[in-house]
Amino acid sequence: YKRQIMNDKKIRKLVLAALLAALVCVATMVVQIPSPMQGYVNLGDCFVLLSGWLLGPWYGAAAAGIGSMLVDLLSGYGHYVPGTLIIKGLDALVAALIFRALGRGKTAMLVSGIVGETIMVLGYFAYASMILGKGLAAAASIPGNIVQGIAGIAIGLALAVLLQKAKAPALSGLEL
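Counting restarts for each chain: residues are numbered from 1 in the order of the written sequence. With the structure being a predicted model, the display of local features is reserved for residues of pLDDT at least 70 and the display and counting of side-chain atom pairs for 80 or more, all residues being used for whole-chain, interface and lining totals. Hydrogens and water molecules were not included; the side-chain quantities draw on all heavy atoms of the structure.

## Some words on the overall build of the protein
Thought 1: Secondary structure follows DSSP: runs of H or I at least 4 residues long count as helices, runs of E at least 2 residues long count as strands, and numbering of each begins at the N terminus. A tally of helices and strands in the protein yields six helices and two strands.
Thought 2: Going from the N terminus to the C terminus, the protein shows its helices and strands as α-β-β-α-α-α-α-α.
Thought 3: A principal-axis box enclosing the C-alpha atoms of the protein has dimensions of 55 × 30 × 30 Å.
Thought 4: The buried label applies to any residue whose accessible area, calculated with a 1.4 Å probe on protein chains only, is under 20% of its type's maximum; exposed applies above 50%, and partly exposed to all values in between. Counting every position in the protein, which comprises 176 residues, the buried fraction comes to 44%.
Thought 5: Counting contacts in the protein only where the partners sit at least 6 residues apart, residues at least 24 apart contribute 69% of the total.
Thought 6: In these tables, accessible area is a Shrake-Rupley quantity obtained with a 1.4 Å probe, and a residue counts as shielded only by the protein chains included in the view. Surface summary for the protein: the accessible area is close to 9,200 Å², and the carbon and sulfur share equals 72%.
Thought 7: This count recognises Lys and Arg as positive and Asp and Glu as negative, with His and chain-terminal groups excluded. One atom stands in for each charge, and that atom is NZ of Lys, CZ of Arg, CG of Asp or CD of Glu. Placing the 13 positive and 6 negative side-chain charges of the protein at their respective mean positions leaves the two points 11 Å apart. A contact between two residues is defined here by any heavy atoms of the two lying within 4.5 Å.

## Quick word on the packing of helix α4 (residues 81-101) against helix α5 (residues 106-131)
Thought 1: Every axis in this analysis is a line fitted to C-alpha atoms, fitted for helices over the stretch in contact. Angles between the N-to-C directions lie between 0 and 180 degrees. α5 packs onto α4 with a crossing angle of 160 degrees between their chain directions and a minimal axis gap of 8 Å. Taken as axis vectors, α4 and α5 run roughly antiparallel relative to one another. The chirality of how α4 crosses α5 is right-handed. Of the residues in α5, those touching α4 at P82, G83, T84, I87, K88, L90, D91, V94, A95, I98 and F99 are A108, M109, V111, S112, V115, G116, E117, I119, M120, G123, Y124 and Y127.
Thought 2: Of the residues in the contact of α4 with α5, the class split is 15 nonpolar, five polar and three charged. Throughout, the term roughly parallel applies to angles under 35 degrees, roughly antiparallel to angles over 145, roughly perpendicular to angles from 65 to 115, and oblique to all others. Left-handed describes a crossing whose near helix is turned anticlockwise from the far helix by less than a right angle; the clockwise case is right-handed. Each residue is assigned to one class: nonpolar for Ala, Val, Leu, Ile, Met, Phe, Trp, Tyr, Cys and Pro, charged for Asp, Glu, Lys and Arg, and polar for all the others, Gly among them.

## Let's talk about the side chain of K88
Thought 1: As for its placement among the helices and strands, K88 is situated in helix α4.
Thought 2: Any pair of N or O atoms that falls within 3.5 Å is considered a polar contact. Within protein, one atom must be able to donate a hydrogen and the other to accept it, and sequence-neighbouring residues count only if both atoms are side-chain atoms. Among the polar contacts listed, one links the side chain of K88 to the side chain of D45, at a separation of 2.9 Å.
Thought 3: Discounting residues that sit within four places of it in the chain, K88 has contacts with D45, V48, A64, G65, S68, M120 and Y124.

## A look at the packing of helix α2 (residues 44-55) against helix α3 (residues 57-75)
Thought 1: For the pair α2 and α3, the least separation of the axes is 7 Å and the interaxial angle reads 160 degrees. Viewed along their axes, α2 and α3 adopt a mutual orientation that is roughly antiparallel. At the point where α2 passes α3, the crossing takes the right-handed sense. Here α2 contributes V48, S51, G52 and L55 to the contact with α3, which in turn contributes P57, Y59, G60, A63, A64 and S68.
Thought 2: Across the contact of α2 with α3, the residue classes tally to six nonpolar, four polar and no charged.

Functional significance is not addressed by these values, which are geometric in nature.
Below, the structure is given as structure tokens:
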């Protein structure tokens, strides 16, 4: 009986990881809010953070990295696929570890979100400047990525608080 409960929990976590990967992808591709920083803000980063907070470091990193990578693959930005997989995966992984270490409260979400999104901003700068060969010209993307990160933290925090209040049965036993 105990073994069955463990298997059910693992299956539930795997299904939620797949759902969050899909949400990361769809929220990034479909929901685009015009930004004053020459582009748009999407909701992908809030689901990247939620993936880490809800699923923990490993499943959260997989959901965030795979969901974000799929956006680049499906949108014709194949040259960003490996970078996005690693950067967004690390974003969720580190956010989840900090979230756990700080006690899983709202302050833990805020601090872990800031660190996670800082990884995203610096990660894309490093990837574009060194791997894609853009050099210092890659710094032009930093302001837009900062706006993206701030939006991801704010919306992710709001959604996490709503999920905590809802106490959804599907989320029982997970990180929040």
